[in-house]
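Observations on the model geometry
Listed below, chain by chain, are the residues.
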Amino acid sequence: MKEEYVLKDNDSFGSGLGQRIVKANRLKTAFKSGDLIQPKLKFKSEVECYFIADKLMYAFEYTPSKYPNYPKPKLINLNKEQESLAYEFAKESNLKVGFQRIDFLKLENDELILLEIEDNSPHMNLEELTDSLRKTVLLEYKNNIYKYIQK
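First, a word on what this report is: a plain description of the structure on this page. Remember, predicted model here, so these are calculated numbers, not experimental data.

When its secondary structure is counted, the protein chain shows 3 helices and 8 strands. When the helices and strands of the protein chain are placed in sequence order, the string is β-β-α-β-β-β-β-α-β-β-α. Here the protein chain, with 151 residues, has 34% of them falling under the buried criterion. For the protein chain, long-range pairs separated by at least 24 residues make up 53% of all intrachain contacts whose partners lie at least 6 apart in sequence. Carbon and sulfur atoms form 51% of the exposed surface of the protein chain, whose accessible area is close to 10,400 Å².

Pasting the structure below:
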């Protein structure tokens, strides 16, 4: 049986650090309480969509590399299908205030599949934005928070 799975700590907050790859026939013995189990997938990149409330502000694409050389994100424009998919998950998460990040894996056929929805991540990669886009994002964020506080 060649199928492989990724085991990682439930509190890893999406980090690849400490993850373990196991074959299906070893899954039962390798699993520890507190582990997440995910199928190991071949993918080209990770696409991260950054929202303020339910408004898409920007998207980054990461191409995998080995630790400790984390890849630099590439600011991208989503195509209509990708954008629609990101908005679908943003709508379902129903977050009305603050940042949220919706992450996808881009498979080898360019299809996006949901990886995770982050609403507690401090890593919004603002330092990777152009000055103009960063100002726009921060203004949108400030207005979103003020609107919520004034309710």
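Picking up where we left off.
Another point: the pattern of salt bridges. In the structure shown here, the tally under the stated rule is 10 salt bridges. Note that Asp103 is salt-bridged to Arg101, the shortest N-O span being 2.9 Å. A residue is classified by how much of its surface remains accessible, and Asp103, at 0% relative accessible area, is buried. Through salt bridges that share partners, Glu4, Lys23 and Lys40 make up one connected network.

One number sums up the size of the second largest pocket: a volume of about 220 Å³. Lining the second largest pocket, in full, are Ile52, Ala53, Asp54, Lys55, Lys96, Val97, Glu140, Asn143, Asn144, Lys147, Tyr148 and Lys151. With 5 residues, the single largest contributor to the lining of the second largest pocket is helix H3 (residues 131-149). Classifying every residue of the lining of the second largest pocket by side-chain character gives 4 nonpolar, 2 polar and 6 charged.

Counting residues in hydrophobic clusters, the biggest one holds 12 residues: Val47, Cys49, Phe51, Leu56, Ala59, Ile76, Leu78, Ala86, Ala90, Ile102, Phe104 and Leu112. Top contributing element to this core by residue count: strand E4 (residues 43-52), with 3 residues. Contact partners of Leu56, with chain neighbours within four places excluded, come to Cys49, Tyr50, Phe51, Leu78, Glu83 and Tyr87. Counting residues in each nonpolar core, the second largest holds 10 residues, with Tyr50, Ile52, Tyr58 and Phe99 among its members.

Turning our eyes to something else, we now look at the side chain of Gln82. Inspection of the secondary structure assignment puts Gln82 in helix H2 (residues 80-93). Given a relative accessible area of 13%, Gln82 falls into the buried group. Sequence-distant contacts of Gln82, that is, excluding residues within four places in its chain, are made with Lys106, Asp110 and Leu112.

Before going further, it helps to examine the pairing of strand E7 (residues 99-107). For E7, the buried fraction is high: 9 of the 9 residues fall into the buried class. Side chains of E7 alternate between two faces, with Phe99, Arg101, Asp103, Leu105 and Leu107 and Gln100, Ile102, Phe104 and Lys106 buried alike. In terms of strand pairing, E4 meets E7 through 9 bridges, oriented antiparallel. Across the sheet, residue Glu46 finds its bridge partner in E7, namely Leu105.

Cut-offs and rules
Residues numbered from 1 in each chain as written. Predicted model: local features only at pLDDT ≥ 70, side-chain atom pairs only at ≥ 80, totals over all residues. Heavy atoms only, no water. Helix = DSSP H or I, 4+ residues; strand = E, 2+ residues; numbered from the N terminus. Buried < 20%, exposed > 50% of the residue type's maximum accessible area, 1.4 Å probe, protein only. Contact = heavy atoms within 4.5 Å. Areas by Shrake-Rupley, 256 points an atom, 1.4 Å probe, with all protein chains shown as cover. Salt bridge = Lys/Arg side-chain N within 4 Å of Asp/Glu carboxyl O. 1 Å grid on protein atoms, 1.4 Å probe; cavity = no way out; pocket = protein on both sides within 12 Å on 5 of 7 lines; lining within 4 Å. Points joined across faces, edges and corners; volume = space filled by probe spheres on them. Nonpolar A, V, L, I, M, F, W, Y, C, P; charged D, E, K, R; others polar. Core = buried A, V, L, I, M, F, W, Y, C linked by side-chain atoms within 4.5 Å. Pairing = 2+ DSSP bridges.

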